[in-house]
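# Per-entry structural report
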Amino acid sequence: MQADIDILIAQSDSWDGYVREQAVRALGRLRDGRAFPPLLIRVNDWVPEVRAAARLALENYLIPEHAAAWVGCLPVVYHLKHCRRDDHGAFIARVEALLAQPACWQMLLEGLDSADVRVSRHAFNLVERYDLKPRSQLLDYALQTHDVVIKRYAEQYVRNAPEIDRALFERL
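An account of the accompanying structure is given in this report. Bear in mind that the values here come from a model prediction, so they are computed numbers and not experimental data.

Moving on, we come to the overall build of the protein chain. Assigned secondary structure in the protein chain consists of 12 helices and zero strands. The helix and strand sequence of the protein chain, counted from the amino end, reads α-α-α-α-α-α-α-α-α-α-α-α. In terms of its C-alpha atoms, the protein chain occupies a principal-axis envelope of roughly 60 × 30 × 25 Å. Per-residue burial for the protein chain yields a buried fraction of 44% across its 172 residues. Partitioning the intrachain contacts of the protein chain with sequence separation of at least 6 by distance along the chain shows that 57% fall at a separation of at least 24.

Shown next as structure tokens:
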């Protein structure tokens, strides 16, 4: 099975659009988390049929069982905001809606501790948006991290809070 998915992943990067489209369709049927990155890349393919096949394939993965894979791919998902071949806003909203489900919250919280700082930053924003941690715990996390971007997010979070704790704000 490992060889099959490796071949399909390689084919999803073929110069031939027909080969890419067939590989994307096959990756979608596998329902294997390793298919996420190549499928997400193909969501912005230059061939419209490949883009459509990739979006359709990823729809099969929009279930809580794949929440950890979605959290790990948040940087790629949000990169789609800057891609111009198609409007990816609805797709990004569906990913966010999935991660907003209670069954996925634990994966988002675990994303805060990702070795990939980009994943941690996106997870922090979603945890804050969905109020998955009490404000004091989220700010404690921000104070302990070495990532200045998350510290900046926390500063904005505190500034926008109606009940600003000045002592906590000064610690940022």
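Our next topic: the state of the cysteines. This model, assessed by the stated rule, comprises zero disulfides. The thiol of Cys104 is not disulfide-bonded; the next cysteine sulfur, from Cys73, is found 14 Å away. Look at Cys104 and you get buried, because its relative accessible area is 0%.

For helix α2 (residues 17–30), spanning 14 residues, the distance from its first C-alpha to its last is 20 Å, which sits close to the expected 20 Å at 1.5 Å a residue. For α2, the side-chain oxygen to backbone nitrogen distance between the N-cap and Tyr18 is 2.8 Å, and the N-cap itself is Asp16. Backbone geometry just after α2 places Arg31 at a positive phi near 55°.

To continue, consider the packing of aromatic side chains. In this structure the tally under the stated criterion is five aromatic pairs. Relative to Tyr153, the ring of Phe124 has its centre 6.3 Å away and its plane inclined at 20°; by these criteria the two rings are stacked. Of this pair, Phe124 sits in helix α9 (residues 117–129) while Tyr153 sits in helix α11 (residues 148–160), placing them 29 residues apart in sequence. Taking the relative accessible area as the measure of exposure, Phe124 reaches 1% and is therefore buried. Site record: aromatic cluster; members linked through ring pairs are Phe36, Tyr61, Trp70 and Phe91.

Here we come to the nonpolar core. Within the largest apolar cluster, 50 residues are counted, with the highest numbers of intra-cluster contacts made by Leu39, Leu40, Leu58, Trp70, Leu99, Leu108 and Phe124. Residue contacts for Leu108: discarding those within four places in its chain leaves Val71, Leu74, Leu99, Ala123, Leu126, Val127, Tyr130 and Leu132.

This paragraph deals with the environment of Ala115. Positionally, Ala115 belongs in the loop between α8 (105–111) and α9. Taking the relative accessible area as the measure of exposure, Ala115 reaches 87% and is therefore exposed. Separated by 43 residues in sequence, Ala115 and Gly72 have C-alpha atoms that sit 10.0 Å apart.

On to helix α7 (residues 89–99). Regarding α7, the residues found buried are Phe91, Ile92, Val95, Glu96, Leu98 and Leu99. An end-on view of α7 places all buried positions within 155° of arc, on one side of the element. On its buried face, α7 is in contact with α3 (36–42), α4 (48–59), α5 (67–72), α6 (74–79), α8 and α9.

Another point: the environment of Arg29. With respect to the helices and strands, the residue Arg29 is situated in helix α2. In this structure the C-alpha to C-alpha distance between Arg29 and Ala57, which are 28 residues apart in sequence, comes to 7.2 Å.

What follows deals with the packing of α9 against helix α10 (residues 135–144). The N-to-C vectors of α9 and α10 enclose an angle of 160°; their axes lie 11 Å apart at closest approach. When the axes of α9 and α10 are compared, the pair comes out roughly antiparallel. Crossing hand, α9 versus α10: left-handed. Where α9 abuts α10, its residues Ser120, Phe124, Val127 and Glu128 lie against Leu138, Tyr141 and Ala142. Grouping the amino acids of the contact of α9 with α10 by side-chain chemistry returns five nonpolar, one polar and one charged.

Conventions adopted
Residues numbered from 1 in each chain as written. Predicted model: local features only at pLDDT ≥ 70, side-chain atom pairs only at ≥ 80, totals over all residues. Heavy atoms only, no water. Helix = DSSP H or I, 4+ residues; strand = E, 2+ residues; numbered from the N terminus. Buried < 20%, exposed > 50% of the residue type's maximum accessible area, 1.4 Å probe, protein only. Contact = heavy atoms within 4.5 Å. Disulfide = S-S within 2.5 Å. Expected span 1.5 Å × (residues − 1). Polar contact = N/O pair within 3.5 Å; in protein donor to acceptor, adjacent residues only side chain to side chain. Phe/Tyr/Trp six-rings, centres within 6.5 Å; stacked < 30°, edge-to-face > 60°. Core = buried A, V, L, I, M, F, W, Y, C linked by side-chain atoms within 4.5 Å. Arc of directions from axis to C-beta. Axes fitted to C-alpha atoms, helices over the stretch in contact; angles between N-to-C directions. Parallel < 35°, antiparallel > 145°, perpendicular 65-115°, else oblique. Left-handed = near helix turned anticlockwise from the far one by under 90°. Nonpolar A, V, L, I, M, F, W, Y, C, P; charged D, E, K, R; others polar.

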